[in-house]
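Commentary on secondary and tertiary structure
Here is how the chains run, residue by residue.
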Amino acid sequence: MAAPSRQISLDVDELPTHWYNILPDLPEPLPPPMDPDHGPSRVANLPNLLIHACLAQEMSTERWIPIPDELRQLYLQAGRPRPLFRALSLEKALGTPARMYYKSEFFSPTGSHKVNTALAQAFYAREEGFERLTTETGAGQWGTALAYAAALCGLKCTVYWVRAVHSWKKARLGYMQMLGADVHASPSNRTAFGRGLWERDHNHPGSLGIAISEGLEDAQSDPKAVYSLGSVLNHVLMHQTIIGLETQLQYAKAGDYPDVVISCLGGGSNFGGFALPFVGDVLTKGKKVRFIAAQSQAAPNLQGEYRYDFADHAEITPLLKMYTLGHTTAMVPIKGDGLRYHGCSPILSLLRHRGIIDTIAYPADERHVFEHALTFMRTEGFLPAPESAYSICCAIDEALRCKETGERETIAFNISGHGFMDIEGYREVLGMDAAERASPSPFLGI
Ligand SMILES: Cc1ncc(COP(=O)(O)O)c(C=O)c1O
């Protein structure tokens, strides 16, 4: 028998022509956005908040939404389709009977899956005559992706970046600025909402919920600007299904199919993009697949309450039915800060509520997660983003479980980004600086 192929690639003309919209296939209708009992209607304000094409996609019940040709060209420019790898070296090192496959979103030009929706949103915003995009960012990957997409589409870009991360990721700040973005630590003094928090505490660490409020307020006060969200919403997950749709084609080429599908989850965009096409197979074709969302105990939103809550701190958005920790809840900063968001996307929350998605939350000190990331690096050779390390950690834990039970499961995991700009964070969590001071040949033991 021929040795299994390490890399399963797609030709350029195999790039999917449509995104997958799971709404018509859900086991029950998705609870709609709602207004709170008091104050102005947030639902009626949605057309003033979002790009119109995206708002139409948000509500669409069409199963397949065509990807415009010009946007497909931008996807090709960004290096899609991306390979699926068989993790043969990792399997061998773990001694697992499981077959492990990972999708390589780390080949994205800016370093993460976020470009898949950034390009779509910038493309539609330009079509609608907007000149500037505003947004929030946590880890910085989304801000970089939108800055990149705005540059390619000839738009300006303003980014509100959670201060706790902004203050230590200097290289990524420079990267966004080199792409032409205007970047502000959030809470900032540029918006009324941000100023209120900033004046009380100039070192306020911020949160994604606060940064979203700032991005929304900025766009609302400029008719030439529109706000762009990097996760949570239906249309964002749908743009990301390009990941899972490619992966399905690649599995067909490999003559295999996943038993378990794993990815990290903050607001839900990479998990949704990777998993939803497979969830569609479960819901419409009777396939049996387990889905696991890897999270941090710093923000285990899927273990929160399933109820209506705001998506932002200042309560500008409508209420969304989702698993939430509460939109004003403070959460400790972590190096995988893209996972630190209070709520999970409504689509994935419904699937979790129906028992279709499982979740695991790893300790907030991140050591276990980052040590597994090192095992992956030293066998497969790629440096994952800190968030993606959670996906790897969960895949390794599953593979080790298979080793104990002897199960020959097929494990699919998504690596949402690379960690070239996150090495400082890895060094801190793994105690590399302290180890270096204590020993002339540090780290060989990790
Ligand atoms: C590399 C990477 N992976 C995952 C995430 C989590 O976001 P989401 O759940 O929307 O995929 C982020 C967020 O910033 C990220 O930068």
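A brief look at the structure comes next. (Residues numbered from 1 in each chain as written. Predicted model: local features only at pLDDT ≥ 70, side-chain atom pairs only at ≥ 80, totals over all residues. Heavy atoms only, no water.)

Attention now moves to the pattern of salt bridges. In this structure the tally under the stated criterion is 26 salt bridges. A salt bridge links K103 to E246; the shortest N-O distance between them is 2.7 Å. Here K103, found in strand β5 (residues 99-104), pairs with E246, found in helix α11 (residues 234-254); they are 143 residues apart in sequence, far enough to count as distant. Taken individually, K103 and E246 each receive the classification buried, so the pair is uniform in this respect. R290 is the partner of E409 in a salt bridge, and the nearest nitrogen-oxygen pair spans 3.2 Å. A residue pair is termed long-range when its members are at least 10 positions apart, and E409 in the loop between α15 (386-405) and β15 (410-415) and R290 in strand β11 (residues 290-296) qualify at 119 residues. (Salt bridge = Lys/Arg side-chain N within 4 Å of Asp/Glu carboxyl O. Helix = DSSP H or I, 4+ residues; strand = E, 2+ residues; numbered from the N terminus. Buried < 20%, exposed > 50% of the residue type's maximum accessible area, 1.4 Å probe, protein only.)

Strand pairs in the sheet, formed through backbone hydrogen bonds, run parallel or antiparallel to each other. Spatial strand order, β8-β7-β6-β9: four strands in an open sheet with parallel pairing. Every other strand in the sheet has two partners, leaving β8 (182-186) and β9 (225-227) as the edge strands with one partner each. Pairwise comparison of adjacent strand axes, ignoring direction, gives a mean angle of 20° for this sheet. Here strand β6 (residues 132-137) runs beside strand β7 (residues 156-162); their pairing, made up of six bridges, is parallel. Each residue of the ladder has a partner; that of T135, found in β7, is V159. Across the sheet, helix α6 (residues 141-153) lies against β6 and β7, angled at about 165° from β6, the strand it touches most. (Pairing = 2+ DSSP bridges. Axes fitted to C-alpha atoms, helices over the stretch in contact; angles between N-to-C directions. Contact = heavy atoms within 4.5 Å.)

What follows covers the packing of aromatic side chains. Tallied over the entire structure, the rule returns 20 aromatic pairs. Measuring from ring centre to ring centre gives 5.0 Å for Y306 and Y323, while their planes differ by 25°; the resulting arrangement is stacked. Residue Y306 is located in strand β12 (residues 305-310), and its partner Y323 is located in strand β13 (residues 319-324); the two are separated by 17 residues in the primary sequence. Ring plane angle 75° and centroid distance 6.4 Å describe the contact between F376 and F413, whose orientation is recorded as edge-to-face. Highlighted residues: F376 in helix α14 (residues 367-380) and F413 in strand β15, separated in sequence by 37 residues. Each of the two residues, F376 as well as F413, counts as buried. Between the NZ or CZ atom of K287 and the centre of the ring of Y257, over which it lies, the distance is 4.2 Å. (Phe/Tyr/Trp six-rings, centres within 6.5 Å; stacked < 30°, edge-to-face > 60°. Lys NZ or Arg CZ within 6 Å of the ring centre and 35° of its normal.)

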